[in-house]
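Understanding the architecture of this molecule
Letter by letter, the chains look like this.
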Amino acid sequence: MEILKTSFGRRSFLKASAAGGGLALSFNLATAPNALAADAKSAPSEWFELNAVLSIQPSGAIQVRVQNPEFGQGLMTTFPMIAAEELEANWEDVTSVTAPYDQSRYKMQLSGGSWSTSMNYPGLRMAGATALHMLKTAAANAWNVPVEDVNAANSVLSHSGGKTATYGEMAAAAAILPVPEKVALKDKKDFSIIGTSRKNLTGSQVVKGDSLFGIDVREKDMLRAVVVHAPAFGLTVDSFDAESVKRMPGIHDVFTIKMYPDDLVRGFSDVAAFREVIAIVGDHTWQLMKAKKALKVNWKVEDSYSFTSSDFFGNQNKVTVPKGLEDTATHNAIMAAMVETGEMETKRKDGDPMAAFANAAKVVEHTYHAPFLAHNTLEPMNFYADVKEDSAMLIGPHQGPMLIHNTVAAHIGLPAEKIDFKMTRMGGGFGRRLYPHWATEVSLISQRVKRPVHLIYTREDDMTVGVYRPSYTIKMRAALDANNKIIGYHVRSAGTPEACSFPNRFPAGAIDNYLWEESPNVSNITVGAFRAPNSNFMASAEQSFLDELAEAMGADPIQMRLDLLKRAQENPVGTDNDYDAVRYASVLELARDKSDWNNRGDKNMGVAAYFCHNSYCCNIVDIDMKNGLPVINSVTSALDCGQVVNYEGAINMAQGGIVDGVGISMFGEMTFVEGQPQHKNLDTYRMVRINESPRAIDVHFVKNEHGPTGLGEPPMPPTPPALANAMYKATGHRFRNQPFITDLETLKS
Amino acid sequence: MTTYSLNINNQNIVVDVDPDTPMLWVLRDSLDMVGTKFGCGAGACGACTVHINGAAVRSCQLPVSAVGEANITTIEGLAYDATKLHPVQEAWLAHDVAQCGYCQPGQMMSAAALLSQNPNPSDADIDAFMQGNICRCGTYTRIREAIKTAAKA
Ligand code: FES
Ligand code: FES
C-alpha cells in the first residue's frame, strides 16, 4: 500500500473553497454543464464538492471534472476511471464533465506530448482516495465508530455492526470535513477499474450529434467572422477593396488586423506566418464565404523582419524571418546538399567515428526524405471571443489554454486574470491546436467590433495558413567490419526549417563509434508540433535504415536490433542514452511472438520499433501488393506504455496512431511553388481512407510495474518504416522518400 | 433572401436564406442544428452527410434551393425516437468507435444509408461505400466492425 501526503496539493488541487476546513459548494443543475443536465440522475439540485475533481449528489451521482482538454484520447473516461478506482465507486454512478479552466486549482491544463494520463495519475488517485476518506469519516462520525472500521465498496459505506449508507447520503457531511493529511492508495492487485475496459462516457453524446465542439458554440448576439490571409508565404496585404464587399448581404464590416504590436515578445507557441490579415464580419457563414471569394486584394512581397521570441523557460532570442517566395524543389536541393557536404553542428560523438568509417570493410549509406505535412484536424480551426473593455471570455477548442492565455492577453492588452477561457471538445488536435493565432485573431476582431464573435477557418484557410510538420532530409551511414559487425554509425540530419534532433536515442549507446550532426534550413514557412514531433519521421529514417543494414549484414531484422539492445543494456556506450534497453527489447519480442514472425515464410512482413514519449512500440506490418498498391492484411503492435488504464480506449488510440502513420507516409504531402501551398483542400491533399487502411490491427501490451506513460503518439512513428520494410519485401524497392505513393506510381508505370 | 419550407427530421421548418446556401449552413447557422459537421465544404470528407429521401448526400454540396419537398434526415433525427437509437448508433456505442467524434455523425449517416440499400454488406461493399468519409483519428477498423454488427441487428 502506498501512503501519499496530500499537503502539496491542498491549496490548489484539493481544496473545495477558500474558507478554512472546506465548504460545500453547490450549484444549480440548470447551470451545470450540458453533459450532466442531459444525463441527470433524478436528483436534488445540489452537488457536494469534495475537491477540485469530484462532486457527489445526494442521489449518489458522481461527477468527475476532467481538467485536460479532450480531443479523442479518451480522458473523459480514463480520468474518471482513475479517481473512481480509489473512491471505491460504483462505475455506473460516474459521469464526467470538462473542468473549468482554472490555473489556481489545476496544474498543466494542456493536452500534448502524450502526458495527460501519466502526469495526472497520482493526483487523480489522490483525489479519489481523499474523497473516500472524507466519506468514511462522515459515516464514522454519524455512526459513532472508528473510521478504520468503516468499509467502502461500490459507492456504499458499511460497518460490521450492520449500518450502511450510500455515498450520496454522506456527501453533504463529507464535503465540510477537512481534507486528510495523508491517504493510503490501493495496491495495484486490488484494482477493479484501472486496467479494465470501460465504454467512453461521452459515447452517447457523440452518436447523437450533440453540440460538443468549438465549432458548435452558439452564444447570444454572436456575429461570425472569417479571415483572409495572403495566398503565399512571403506575401502580405498591400491594398484591398473593402467597400464592395461591405455592400454584400449579411456583411457587417471588413478591416485588417495587425497580429503583432511592435514590441511584443512572442511566446514560444505564438507562431503565425501572416502578421496582417483581413477580417470579414457578418451574420452567416455562407455569406462570409461568398464575401471572402469576392474580396479583391493586392498582395506585396514582405521584407525580411525580426522579432523577439521567448522559449518555454522564458529565455529570449531574436528570430529573423527571411524574405522570399520559396519552392519545395529548392528546399529539397538545399537539404540534399546539406546532408552531403554542409556545415553541421555535432550533437553527439562517441569514440572515433571517422576512423571506424575509414577502416570499414563495408559502408552502408542511404538518404531518407519527408515533405511538409498539414495536420488537417477534421474540425477546422475556430474560436469564440467576447472582448469587453475590461474583461474577455474566450470559448473554443484548444490543446492548452494555459499556453496561450498570456499570449492572447498581450495581444489584446488586457491583464491575463481578466480573461476567462472555456475549453470545448476538439475535433482532433495532433499538435495543431497548441498555437494561439486564431484565438488571437478572433479576440482582436471582437475587440474591434465590440460584439461576441465566432471565427471559423475554411478548410482552405486551415490548410494554407502554415504551422506544418517540417520537411526533413536525413542521411544515415553505418560502417561494418569484415565480420559484419557495426563499428560506426553516423547521422546527418537536415530539416526545413527545423532538423530532427534525437542524438541520444537508439542505436546510440549500442555502437562504439557514433556521430550525430544536424543543421536547419531557414524558411518563412511556419512549422509546429505534429503528432510525435520529429519522431514521426526520425523513426522512418532510422528504422528503414536498420532494415537495410540488417540485410547488408545478413541478419534477421529483429535479432539484429535485439543484439544491439543487449549491448546497450550490458555495456552501454555513453551515459545519457534516452531509452531503457530491456523495455525496448520486450516490445520487439512480444510483437515477434504475436505475429509469428519467425514462421513468416513468404509473407511480406516488415518490422520497426521506436521509443518516444516514455513508451516503447514495435509494429509488424503484413501486406500484399494489389494493383501496385499495398493491401495491409494486418498490423501487430506491441506496446509498453506502463499501466494501461482503459484497455479498449488504449487499443482504439493505438489503432488510430497506426492508421495515421499509414496515412501520412503513404499520401501526406504539402508542397510549395513560389510560396504558394499546392494543396488547398481534401480533394487533392490525400488523407488515408477506409479502403486504404489496415484490415486488422492487433494491439498487445507489455505487462509490468511501471505507471502510465505516453500512448497517443508512440504507436505512430514505427508504422511508416514497418510498412516501407514490408513493401520492400513485396516489391524489391526501398521506399526512402515519403509519401510512398509517389514511388508506387512510378513503379506501376 | 428567399423563404423555403423544408422537411427536416419529419418536421416542417421554414427558413429565410440565400438560394445558393448549402443545406449544411442552413442546418448549422440558420437552425443551430450542429450535429451535421463542416469538414471541407468541397464534398471530399463526408462530415456533412445527411439523408435526402434516405440516400446519403453531402450537404455542403446541396443548395437549399434544390431540396424542394424532399425528406431530409440529419444525425439529430437518425434515432427512432427519444429512447430508441438507430442500430448504427447502437453498434457505434457497442464498438466504442469514436475518438474525437467529429467525423462520426457523417460516418453514421453514410453507414445507415448503406445498410438501407444493402442490409448485408461485405468488407468490399463497406470500403466502397464509406470511402467518402474521412476519419482523421483513424477509427476505420472499428467502423467496419460496427457496420457489420448493425447489419445483424
Ligand atoms: S464538408 Fe461536405 S464533404 Fe466535407
Ligand atoms: S473520430 Fe476524430 S475524425 Fe473520426
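Values in this document were obtained by computation on a predicted structure and should not be read as measured data. Counting from 1, residues in each chain are numbered in the order their sequence is written. As they are written, the chains are lettered A onward and the ligands numbered 1 onward, keeping that order. Thresholds applied to this predicted model are a pLDDT of at least 70 for local features of residues and 80 or more for the giving and counting of side-chain atom pairs; totals over whole chains, interfaces and linings are not thresholded and use all residues. Water and hydrogen atoms play no part in the side-chain values, which are based on all heavy atoms of the structure.

**Let's talk about the overall build of chain A**
- We count a stretch as a helix when DSSP gives it H or I for four or more residues in a row; a strand needs E for two or more, and each element gets its number in order from the N terminus. Helices and strands together make up the secondary structure of chain A, namely 19 helices and 31 strands.
- The reference for a compact globule is 2.2 Å times residues^0.38; the radius of gyration itself is calculated from the C-alpha atoms. Its C-alpha radius of gyration of 28 Å places chain A within 12% of the 27 Å reference for a compact globule of 749 residues.
- Its C-alpha atoms put chain A at 85 × 70 × 50 Å along the principal axes.
- In chain A, which comprises 749 residues, the share counted as buried stands at 63%.
- In chain A, once contacts between residues fewer than 6 apart in sequence are set aside, the share between residues at least 24 apart is 76%.
- Accessible surface, chain A as shown: approximately 27,500 Å² in total, 49% of it carbon and sulfur.
- Counted as positive: Lys and Arg. Counted as negative: Asp and Glu. His and the chain ends are not counted at all. Charge placement uses NZ in Lys and CZ in Arg. For Asp and Glu, CG and CD serve respectively. Looking at chain A, you have 72 positive and 84 negative side-chain charges, and the mean spots of the two groups are 2 Å apart. Summary of the burial criterion: residues with accessible area below 20% of their type's maximum are buried, those above 50% are exposed, and those between are partly exposed, where the area comes from a 1.4 Å probe applied to protein chains only. In this description, contact between two residues means that some pair of their heavy atoms is separated by no more than 4.5 Å. Per-residue and other accessible areas were derived by the Shrake-Rupley procedure at a 1.4 Å probe size, with only the shown protein chains allowed to occlude residues.

**Topic: the sheet that holds strand E3 (residues 49-52) of chain B**
Residue and element names in this part refer to chain B.
- Only when DSSP finds a minimum of two bridges between them are two strands counted as paired. Read from one edge of the open sheet, five strands run E2-E1-E5-E3-E4, paired in mixed fashion. Two strands bound the open sheet, and with one partner strand each, they are strand E2 (11-17) and strand E4 (55-58). Neighbour-to-neighbour, the strand axes of the sheet open up by a mean angle of 45°, direction not taken into account.
- Across four bridges, E3 lies against E4 in antiparallel orientation. Bridging from a neighbouring strand, His51 pairs with Ala56 of E4. To obtain each axis, a line is fitted to C-alpha atoms, and for helices this fit is confined to the stretch in contact; angles are then taken between N-to-C directions over 0 to 180 degrees.

**Description of the interface of chain B and chain A**
- Contacts between the two partners involve 56 residues from chain B and, on the opposite side, 61 residues from chain A.
- Here the quantity called buried area is the total loss of accessible area, with a 1.4 Å probe, experienced by two parts when brought into contact, counted for both. Regarding the contact of chain B and chain A, the summed buried area is about 4,700 Å², with carbon and sulfur atoms giving 56% of it.
- Contact with chain A buries area across many residues of chain B, yet B:Gln99, B:Tyr102 and B:Arg136 alone supply 17% of it, more than any other trio.
- Salt-bridge detection follows one rule: a side-chain nitrogen of Lys or Arg within 4 Å of a carboxyl oxygen of Asp or Glu. Seen at the junction of chain B and chain A, the total is 11 salt bridges.
- The partner of A:Glu648 in a salt bridge is B:Arg142, with the nearest N and O atoms 3.0 Å apart.
- Here a polar contact means two N or O atoms within 3.5 Å. Within protein one must be a hydrogen donor candidate and the other an acceptor candidate, and residues neighboring in sequence count only if both atoms are side-chain atoms. Connecting chain B to chain A are 34 residue pairs in polar contact (both at pLDDT 80 or more).
- Those elements giving two or more residues to the side of chain B that touches chain A turn out to be helix H1 (23-30), helix H2 (87-94), helix H3 (104-117), helix H4 (123-130) and helix H5 (140-152) of chain B.
- The dominant element in the side of chain B that touches chain A, judged by the number of residues it contributes, is H5(B), at five residues.

**Here we look at the domain arrangement of chain B**
Residues and elements named next belong to chain B.
- What counts as a domain boundary in this text is fixed by an automatic or database domain assignment. According to the domain assignment, chain B contains domain 1 (2-76) and domain 2 (87-152).
- Between domain 1 and domain 2, the C-alpha centre-to-centre distance is 21 Å.
- With 17 residues of domain 1 at the contact, the number on the domain 2 side is 14 residues.
- Interface of domain 1 and domain 2: buried area, both sides summed, is about 1,100 Å²; carbon and sulfur atoms make up 59% of it.
- Looking only at domain 1, the three residues that lose the most surface to domain 2 are Lys37, His51 and Ile75, adding up to 38% of its buried area.

**Some remarks on the packing of aromatic side chains**
Residues and elements named next belong to chain A.
- Only the six-membered ring of Trp is used, alongside the rings of Phe and Tyr, when aromatic pairs are assigned; centres must lie within 6.5 Å, and planes under 30 degrees apart are stacked while those over 60 apart are edge-to-face, with the rest tilted. Here the structure, examined in full by the defined rule, presents 21 aromatic pairs over all chains.
- Between Phe383 and Phe421, the aromatic rings sit 6.4 Å apart at their centres with planes inclined by 70°, giving edge-to-face as the arrangement. Of this pair, Phe383 sits in strand E19 (residues 382-387) while Phe421 sits in strand E21 (residues 419-423), and the two are 38 residues apart along the sequence. Phe421 shares its class with Phe383; the two are buried.
- Relative to Tyr584, the ring of Tyr579 has its centre 5.6 Å away and its plane inclined at 85°; by these criteria the two rings are edge-to-face. For the residue pair Tyr579 and Tyr584, the accessibility class agrees, reading buried in each case.
- One aromatic cluster is present, built from ring pairs that chain together Phe233, Phe274, Phe372, Tyr468 and Phe672.
- Charge-over-ring placement is defined geometrically: NZ (Lys) or CZ (Arg) within 6 Å of the ring centre, and within 35 degrees of the ring normal. Note that Arg266 overlies the ring of Tyr260, its terminal NZ or CZ placed 3.5 Å from the centroid.
- Here Arg266 stacks its cationic end above the ring of Phe307, 3.6 Å away from the centre of that ring.

**Topic: the side chain of A:Ser471**
Residue and element names in this part refer to chain A.
- Residue placement: Ser471 occurs in strand E23 (residues 471-480).
- Under the relative-accessibility criterion, Ser471 is labelled buried at 2%.
- A distance of 2.9 Å separates the side chain of Ser471 from the backbone oxygen of Ala370, its partner in a polar contact.
- With residues up to four places along the chain from it excluded, the contact list for Ser471 reads Asn332, Met335, His369, Ala370, Pro371, Phe372, Ala494, Gly495, Thr496 and Glu498.

**Structural notes on the confidence of the model for chain A**
- pLDDT measures how confident the predictor is about each residue, on a scale from 0 to 100. Mean pLDDT over chain A works out to 92, with 94% of the residues at or above the 70 mark.
- Here residues 7-44 of chain A is modelled with pLDDT under 50, and outside its nearest four sequence neighbours on either side it reaches 82 contacts, counting other chains as well.

**Brief notes about the domain arrangement of chain A**
Residue and element names in this part refer to chain A.
- Structurally, chain A comprises domain 1 (2-208), domain 2 (214-307 + 393-399 + 421-456) and domain 3 (344-373 + 468-748).
- Taking only C-alpha atoms into account, the centre of domain 1 sits 41 Å from that of domain 3.
- Taken residue by residue, the interface counts 19 residues in domain 1 and 17 residues in domain 3.
- When domain 1 packs against domain 3, close to 1,200 Å² is buried across both sides, 55% of that on carbon and sulfur atoms.

**Considering the environment of B:Pro22**
- Here B:Pro22 is to be found in the loop between E2 and H1.
- The exposure class assigned to B:Pro22 is buried, which follows from its relative accessible area of 4%.
- Along the sequence, B:Pro22 and B:Tyr140 sit 118 residues apart, while their C-alpha atoms lie 28 Å from each other.
- With residues near it in sequence (within four places) discarded, B:Pro22 still touches A:Trp286, B:Ser59, B:Cys60, B:Leu62 and B:Pro63.

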